[in-house]
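Notes for the structure review
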Amino acid sequence: MRGGYLHNQIILIRLAKAFEAVGGRTQFEASVRMGTQWGFVDLVVLIDEVLIAVEAENTARRIDGDLKKAAALGADQLWIVTPNRRVAQSVCRQRQRLAGTAFEGQVFVLPLGVALQRVTDCFSNFSGS
């Protein structure tokens with residue numbers, strides 16, 4: 001996996017385990033084609049027919065690419081997961097500047113703790129389905 005310890009071990013692997021615990025199927029580093037370029041979505045989750053693109057971000061610099069990758073994947077939701085609330089707020093500000101991006105699904109910008117709780121709150125009823 002691309003990214004450092006915080007990106008991979010703390011954010012992505014913990015989220016993948018949380019999704020798998022409630023019945024989700026996960027894939028790391030899913031390739032997507034955006035015109036003539038290729039990109040990689042950090043984590044793709046399929047749960048109860050909902051396709052979720054998960055991007056772990058430590059800064060707001062790559063948000064435009066995250067939105068484009070989610071659109072190319074055909075995701076229903078994009079979760080941009082950050083290590084803390086301060087980074088999440090920065091990502092939200094950057095996202096407002098990028099209004100009108102091609103991705104038409106739902107976008108959630110979540111600090112890691114909130115993202116883990118959201119998995120449990122939103123998908124625990126689907127476990128075993």
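Everything here concerns the structure above.
Here's what I pulled together on the structure shown here.

**Considering the pattern of salt bridges**
Per the counting criterion, the structure on display carries four salt bridges. Where Asp64 meets Lys68, a salt bridge forms, and the shortest distance between an N and an O atom there is 3.1 Å. Of this pair, Asp64 and Lys68 are both found in helix α2 (residues 63–73), four residues apart, which corresponds to roughly one turn of the helix. The class for Asp64 is partly exposed, based on a relative accessible area of 28%. What emerges from the salt-bridge pattern is a single network uniting Glu55, Asp66 and Lys69.

**Quick word on the nonpolar core**
Leu15, Phe19, Ile52, Val54, Trp79 and Val81 are the most contacted members of the largest nonpolar core, which has 22 residues in total. Elements with a contribution of two residues or more to this core: α1 (5–21), β2 (37–47), β3 (50–56), β4 (77–82), β5 (106–111) and α4 (112–123). In terms of residue count, the dominant contributor to this core is α1 (six residues). In this structure, Val81 is in contact with Ile11, Leu15, Val54, Glu55, Ala56, Glu57, Leu110, Pro111, Leu112 and Ala115, ignoring residues within four places of it in sequence.

**Thoughts on the pairing of β4**
Of all six residues that make up β4, six are buried, and the element is covered over most of its length. The two faces of β4 match: Gln77, Trp79 and Val81 on one face and Leu78, Ile80 and Thr82 on the other face are all buried. Taken together, the five bridges between β3 and β4 define a ladder with parallel strand orientation. Residue Val54 lies in a different strand from β4, and its bridge partner there is Trp79. Viewed along the sheet, the connection from β3 through α2 into β4 turns out right-handed. The sheet contact formed by β4 and β5 spans six bridges and is parallel.

**Description of the sheet that holds β5**
Across the sheet, which stays open at both edges, the five strands sit in the order β1-β2-β3-β4-β5 with mixed pairing between neighbours. Sheet topology places β1 (25–34) and β5 at the edges, where each strand pairs with a single neighbour. Mean inter-strand twist for the sheet, computed between neighbouring axes without regard to direction, equals 35 degrees. Of the pairings in the sheet, the one linking β2 to β3 comprises five bridges and is antiparallel in character. The partner of Val44 across the bridge, within β3, is Ala53.

Cut-offs applied
- Residues numbered from 1 in each chain as written.
- Predicted model: local features only at pLDDT ≥ 70, side-chain atom pairs only at ≥ 80, totals over all residues.
- Heavy atoms only, no water.
- Salt bridge = Lys/Arg side-chain N within 4 Å of Asp/Glu carboxyl O.
- Helix = DSSP H or I, 4+ residues; strand = E, 2+ residues; numbered from the N terminus.
- Buried < 20%, exposed > 50% of the residue type's maximum accessible area, 1.4 Å probe, protein only.
- Core = buried A, V, L, I, M, F, W, Y, C linked by side-chain atoms within 4.5 Å.
- Contact = heavy atoms within 4.5 Å.
- Pairing = 2+ DSSP bridges.
- Right-handed = clockwise from strand over helix to strand, strands pointing away.
- Axes fitted to C-alpha atoms, helices over the stretch in contact; angles between N-to-C directions.

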